[in-house]
Amino acid sequence: MSRLTVIIPSFNEEDNIENTAKEISSVLDEAGVDFDLLFVSDGSTDKTFEMIETLSKADKRIGGIQFSRNFGKEAAIFAGLDYATGDCVAVIDCDLQHPPKTLVEMYRLWEEGYEVVEGIKSKRGKENPFYLLFTKIFYGIMSSLMKLNMNKTSDFKLLDRKVVNALLDLPERNTFFRALTFWAGFKSTSVTFDVEQRRAGKSKWSFSGLVKYAISNTTSFTTAPLKFVFILGIIFMLFSFVLGVETLVNYFLHIAADGFTTVILLILIVGGCINISLGIMGHYISRIYEEVKGRPRYIVSKITGEKESEK
Ligand code: UDP
Ligand code: MG
């Protein structure tokens, strides 16, 4: 019988672990799905990992790994993919904002032969308006770059073993899981779900964290910002051509002089653009640097459950 591995990235979720394990298990048991739960504690500093250990002693189907420090949700997801042993693998948030019953729906679609089942948010949960605006802009840009609607996508997905292996074969370290499953192709479908309220604890995102996430994902996924720099250059060349001609004409007509405002504005605009462009290029260079160093995506400090014997 085929088995589903459920990956649950968890960072300081001591208030959620037990309940989450219970809810997911009962939903899957009820549906008769053979499964195991794989908690990835992303360098949690609270009792998260101890709780996972306790659970895994009581139930063989529960296991977990602990990172040596916080490496971020992307790393946690990829560690989960690395350690998962199921014939299909799902990723779900620890705070139950992704409803476990949708897992069953996803699993059924997998049984029908779909290799990627995307969880699409029917509506975003109650989130602060600032955050909503930010995600709207970010996903707006990503969507137009990738030619797919990213706004309602999530990390809540179910993947066939083949897809997991394809993702694990990617050599890069800076990944964007949410978009990579689209990029990978395969026979895909989607299910919609309502984003629930977080069960316990607080969201781990700060505004600066989100900005970093957005920049890092955009640059790890596309080189569009570099092309944007090039386009900016062309626009300025055209602009400078027009202004150049005007300046020369004025000069020869002897009506040059005043135009100090124009000069100052030009310096400001051109200076700003050059700095932005350098920044964008610098960012890509730093990404190349990080990839070239070839450091691991994450470091595991502890393992619990069945996984212990396998690795
Ligand atoms: N998470 C993680 N590492 C981090 C931040 C978050 O593994 O550095 C996990 C977190 O425990 C949760 C999921 O990622 O299971 C989503 O995080 P959160 O609920 O804080 O984000 P939000 O739902 O507000 O986007
Ligand atoms: Mg959440």
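Just above, that's the structure.
Residues numbered from 1 in each chain as written. Chains lettered and ligands numbered in written order. Predicted model: local features only at pLDDT ≥ 70, side-chain atom pairs only at ≥ 80, totals over all residues. Heavy atoms only, no water.

Colleague: Describe the overall build of the protein, and please don't skip the residues or the numbers.
Modeller: Scanning the protein from terminus to terminus reveals eleven helices and eight strands. Over its C-alpha trace the protein gives a radius of gyration of 24 Å, far above what one expects of a compact globule, namely 19 Å for 311 residues. Going through the 311 residues of the protein one by one, you find that 42% of them count as buried. Contacts in the protein between residues at least 24 apart in sequence constitute 84% of all its contacts with a sequence separation of at least 6. Roughly 16500 Å² of accessible area belongs to the protein as shown, and the carbon and sulfur atoms make up 62% of that amount. (Helix = DSSP H or I, 4+ residues; strand = E, 2+ residues; numbered from the N terminus. Rg over C-alpha atoms; globule rule 2.2 N^0.38 Å. Buried < 20%, exposed > 50% of the residue type's maximum accessible area, 1.4 Å probe, protein only. Contact = heavy atoms within 4.5 Å. Areas by Shrake-Rupley, 256 points an atom, 1.4 Å probe, with all protein chains shown as cover.)

Colleague: I'd like a description of the packing of helix H1 (residues 17–30) against helix H2 (residues 48–58), backed by residues and values.
Modeller: Running from N to C, H1 and H2 point in directions that differ by 40°, and their axes come no closer than 9 Å. Considering their axes alone, H1 and H2 lie oblique with respect to each other. Contacts from Ile-17, Glu-18 and Ala-21 of H1 reach H2 at Thr-48, Met-51, Ile-52 and Leu-55. Across the contact of H1 with H2, the residue classes tally to five nonpolar, one polar and one charged. (Axes fitted to C-alpha atoms, helices over the stretch in contact; angles between N-to-C directions. Parallel < 35°, antiparallel > 145°, perpendicular 65-115°, else oblique. Nonpolar A, V, L, I, M, F, W, Y, C, P; charged D, E, K, R; others polar.)

Colleague: Would you mind going over the site of ligand 1 in detail, with residue names and values included?
Modeller: Around ligand 1 there are 17 residues in total, and Glu-13, Asp-42, Gln-97, Ser-203 and Lys-204 lie nearest to it. Glu-13 is positioned with one of its side-chain polar atoms (N or O) 2.5 Å from an oxygen atom of ligand 1. One nitrogen or oxygen atom from the side chain of Asp-42 is found 2.6 Å from a nitrogen atom belonging to ligand 1. Starting from 530 Å² of accessible surface for ligand 1 in isolation, the protein chains cover 89%. Split into classes, the residues belonging to the shell around ligand 1 amount to five nonpolar, five polar and seven charged. (Near = heavy atom within 4 Å. Polar contact = N/O pair within 3.5 Å; in protein donor to acceptor, adjacent residues only side chain to side chain.)

Colleague: So what about the coordination of the magnesium ion (ligand 2)? Which residues, and what values?
Modeller: Looking at the metal site, the magnesium ion (ligand 2) is ligated by Asp-95 (OD) and Gln-97 (OE1), spaced 1.9 Å from it. According to the relative accessible area criterion, Asp-95 is buried, its value standing at 3%. (Donors = N, O, S within 2.8 Å, 3.2 Å for Na, K, Ca; no water.)

Colleague: Which residues make up the environment of Gly-279, and what values do they have?
Modeller: Within the element layout of this structure, Gly-279 appears in helix H10 (residues 260–293). Sequence spacing of Gly-279 and Gln-197 is 82 residues, and the spatial spacing of their C-alpha atoms is 38 Å.

Colleague: Kindly report on the packing of aromatic side chains, identifying the contributing residues and their values.
Modeller: The final tally for this structure, using the stated rule, is seven aromatic pairs. Aromatic side chains Phe-67 and Tyr-298 sit 5.0 Å apart centroid to centroid with 10° between the ring planes, which places their arrangement in the stacked category. Note that Phe-67 is positioned in strand S3 (residues 62–67) and Tyr-298 in the loop between H10 and strand S8 (300–304), a separation of 231 residues in sequence. Per residue, the accessibility class of Phe-67 equals that of Tyr-298, and both read buried. Geometrically, the ring pair formed by Tyr-107 and Trp-110 is tilted, given 5.4 Å between the ring centres and 40° between the ring planes. Taken together, the positions of Tyr-107 and Trp-110, both in helix H4 (residues 101–111) and three residues apart, correspond to about one turn of that helix. Of the two residues, Tyr-107 and Trp-110, neither departs from the other in class, the shared state being buried. Put simply, the rings of Phe-67, Phe-71 and Tyr-298 pair up and form one aromatic cluster. Of note, Arg-69 hangs over the ring of Phe-71, and the distance from its end group to the ring centre comes to 3.8 Å. (Phe/Tyr/Trp six-rings, centres within 6.5 Å; stacked < 30°, edge-to-face > 60°. Lys NZ or Arg CZ within 6 Å of the ring centre and 35° of its normal.)

Colleague: Outline the packing of helix H9 (residues 224–252) against H10, supporting the account with residue identities and numerical values.
Modeller: Closest axis-to-axis distance for the H9/H10 pair is 10 Å, and the angle between their directions is 160°. By the criterion of interaxial angle, the relationship of H9 to H10 is roughly antiparallel. Of the two possible hands of crossing, H9 and H10 adopt the one that is left-handed. On the side of H9, the interface is formed by Ala-224, Pro-225, Leu-226, Phe-228, Val-229, Leu-232, Phe-236, Phe-239 and Leu-243, while H10 contributes Thr-262, Leu-266, Ile-269, Val-270, Cys-273, Ser-277, Ile-280, Met-281 and Tyr-284. Residues of the contact of H9 with H10, tallied by class, amount to 16 nonpolar, two polar and no charged. (Left-handed = near helix turned anticlockwise from the far one by under 90°.)

Colleague: Lay out H4 in plain terms, naming residues and giving numbers.
Modeller: For H4, the full list of buried residues reads Thr-102, Leu-103, Val-104, Met-106, Tyr-107, Leu-109 and Trp-110. Count one or two residues on from H4 and you reach Gly-113, which has phi positive near 115°.

Colleague: Just give me the short version of the pairing of strand S6 (residues 153–160), but keep the residues and values in it.
Modeller: In terms of residue burial, S6 counts as a mostly covered element, since eight of its eight residues are buried. Sheet topology note: the strand S4 (residues 88–91)/S6 ladder contains four bridges and is antiparallel. For Cys-88, the partnering residue across the bridge sits in S6 and is Asp-160. (Pairing = 2+ DSSP bridges.)

Colleague: A description of a nonpolar patch on the surface should follow, citing residues and the corresponding values.
Modeller: On the surface, a cluster of nonpolar side chains totalling about 1100 Å² of accessible area is made up of Leu-226, Phe-260, Val-263, Ile-264, Leu-265, Ile-267, Leu-268, Ile-269, Val-270, Ile-274, Leu-278 and Met-281. With eleven residues, the single largest contributor to the nonpolar patch is H10. Mapped onto the elements of the fold, Ile-269 is located in helix H10. Judged by its relative accessible area of 40%, Ile-269 is partly exposed. (Patch = residues over 30% accessible without salt bridge, like charges linked within 9 Å, V, L, I, M, F, W, Y side chains within 5 Å. Salt bridge = Lys/Arg side-chain N within 4 Å of Asp/Glu carboxyl O.)

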